[in-house]
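Coordinate analysis (summary)
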Amino acid sequence: MVATLSVPKVKLKNPPLHIYRMGDKVLRQPAKRISQVNDEIRQLARDMLQTMYSADGIGLAAPQVGVPKRLIVVDIYPDKPEVPPLVLINPEIREYLGETVAAQEGCLSIPGVFCEVLRAQGVVVSFKDESGRPRTIQADDLLARVIQHEIDHLNGVLFVDYVENELLLDQELRKHGFQMQDVQRRANPLAAPALKPR
Ligand code: ZN
């Protein structure tokens, strides 16, 4: 049984869920594992996808809609109706592949703010899909980046936490109505010397 969620890739004027912004506590709360993939979880995934498409996003994690559960939805092809989105339940990164790559990232919970973040070029990730089936996939490039970003959300981590240039980050945050005090600065584990290639 394949339970691909059929959600039209359209923008709704009134999306089903509210997206919380940096400063809201739910974004800093570690999310709980999902013990059973049932209709409630599938409905949550459907609502999250609709909310994500409506906000022009390519990834969304349940804590961003105020639900502290380990569920993320990803779709790097929002303009291709024929490509199904990915629903990842209890996702775990098994392996980091390739080099670390720096690229600009944004987040629906910090709208307008874009900063460069280091991510692994590829990841091997295990999860349960929307029918509860265990899956392991290799993701590369943009898909790998989105998955790493969304899994961070499940651990209460935001991409701005990794930005090293405090001055630049402060400026960028203020410009869009956010505050430095809501950033929880931390070292990016991929920037650790031991993990660098060469
Ligand atoms: Zn985000």
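Read on for a plain summary of the structure.

Cut-offs applied
- Residues numbered from 1 in each chain as written.
- Predicted model: local features only at pLDDT ≥ 70, side-chain atom pairs only at ≥ 80, totals over all residues.
- Heavy atoms only, no water.
- Pairing = 2+ DSSP bridges.
- Helix = DSSP H or I, 4+ residues; strand = E, 2+ residues; numbered from the N terminus.
- 1 Å grid on protein atoms, 1.4 Å probe; cavity = no way out; pocket = protein on both sides within 12 Å on 5 of 7 lines; lining within 4 Å.
- Points joined across faces, edges and corners; volume = space filled by probe spheres on them.
- Nonpolar A, V, L, I, M, F, W, Y, C, P; charged D, E, K, R; others polar.
- Axes fitted to C-alpha atoms, helices over the stretch in contact; angles between N-to-C directions.
- Contact = heavy atoms within 4.5 Å.
- Donors = N, O, S within 2.8 Å, 3.2 Å for Na, K, Ca; no water.
- Buried < 20%, exposed > 50% of the residue type's maximum accessible area, 1.4 Å probe, protein only.
- Salt bridge = Lys/Arg side-chain N within 4 Å of Asp/Glu carboxyl O.
- Arc of directions from axis to C-beta.
- Polar contact = N/O pair within 3.5 Å; in protein donor to acceptor, adjacent residues only side chain to side chain.

**Overview of the pairing of strand 3 (residues 86–105)**
In this sheet, strand 3 lies alongside strand 2 (residues 71–74) in antiparallel orientation, the contact comprising 4 bridges. Residue pairing in the sheet places Leu 71 in a bridge with Ile 89 of strand 3. With 12 bridges joining them, strand 3 and strand 4 (residues 115–128) adopt antiparallel strand pairing. Across the sheet, Leu 97 pairs through a bridge with Gly 122, a residue of strand 4.

**Remarks on the layout of surface pockets**
Quantified by volume, the largest pocket comes out at close to 350 Å³. In terms of residues, the lining of the largest pocket owes the most to one element, helix 2 (residues 141–154), which gives 6 residues. Classifying every residue of the lining of the largest pocket by side-chain character gives 6 nonpolar, 8 polar and 4 charged.

**Quick word on the environment of Lys 25**
Following the sequence through the fold, Lys 25 ends up in the segment before helix 1 (39–54). Separated by 38 residues in the primary sequence, Lys 25 and Pro 63 place their C-alpha atoms 9.6 Å from one another.

**Details of the sheet that holds strand 1 (residues 59–61)**
Strands sit in the order 1-2-3-4-5 across an open sheet of 5 strands; the sheet is antiparallel. Two strands bound the open sheet, and with one partner strand each, they are strand 1 and strand 5 (134–140). Strand-to-strand, the axes of this sheet are offset by a mean angle of 30°, without reference to chain direction. Note that strand 1 and strand 2 share 3 bridges and pair antiparallel. From the neighbouring strand, Gly 59 faces strand 2, where its bridge partner is Val 74. Along the sheet face, helix 2 touches strand 1, strand 2, strand 3, strand 4 and strand 5 and points at about 85° away from the line of strand 4.

**Some thoughts on the coordination of the zinc ion**
Ideal values for angles at a metal depend on the geometry: 109.5 degrees with four tetrahedral donors, 90 or 180 degrees with six octahedral donors. Surrounding the zinc ion are the protein donor atoms Cys 107 (SG), His 149 (NE2) and His 153 (NE2), which sit 2.0 to 2.2 Å from the metal. Ordering the donors of the zinc ion by residue number gives the pattern C-x41-H-x3-H. Here Cys 107, found in the loop between strand 3 and strand 4, pairs with His 149, found in helix 2; they are 42 residues apart in sequence, far enough to count as distant. On the basis of relative accessible area, His 149 is assigned to the buried category, the value being 6%.

**Points about the pattern of salt bridges**
If you walk through the whole model with that rule in mind, you get 15 salt bridges. In this structure, the salt-bridge partner of Asp 75 is Lys 9, at a minimum N-O distance of 2.8 Å. Of the two residues, Asp 75 is situated in the loop between strand 2 and strand 3 and Lys 9 in the segment before helix 1; the sequence distance between them amounts to 66 residues. In this structure, the salt-bridge partner of Arg 28 is Asp 161, at a minimum N-O distance of 2.7 Å. Taken together, the positions of Arg 28 in the segment before helix 1 and Asp 161 in the loop between helix 2 and helix 3 (166–175) put the pair 133 residues apart, joining distant regions of the chain.

**Some details on the environment of Gln 50**
Looking at the element boundaries, Gln 50 is found in helix 1. For the pair Gln 50 and Lys 9, spaced 41 residues apart in sequence, the C-alpha to C-alpha distance is 7.3 Å. Residues in contact with Gln 50, not counting those within four places in the same chain, are Val 7, Pro 8, Leu 12 and Pro 16.

**What about helix 3?**
Turning to helix 3, its buried residues are Leu 169, Glu 172 and Leu 173. The buried residues of helix 3 occupy an angular sector of 100° when projected down its axis, which confines them to one face. Along helix 3, the residues that are exposed and aim more than 90 degrees away from the buried face are Leu 167, Gln 171, Arg 174 and Lys 175. Where the residues of helix 3 are buried, they touch strand 4. One side-chain oxygen of the residue at the start of helix 3 lies 3.3 Å from the amide nitrogen of Leu 167, identifying that residue as Asn 165. Following helix 3 by one or two positions, Gly 177 adopts a phi angle in the positive range, close to 85°.

**Some remarks on the side chain of Asn 90**
With respect to the element layout, Asn 90 can be found in strand 3. Take Asn 90: its relative accessible area is 7%, and that puts it in the buried class. At 2.8 Å, the side chain of Asn 90 and the backbone nitrogen of Ile 34 are in polar contact. With residues near it in sequence (within four places) discarded, Asn 90 still touches Arg 33, Ile 34, Arg 70, Ser 126 and Phe 127.

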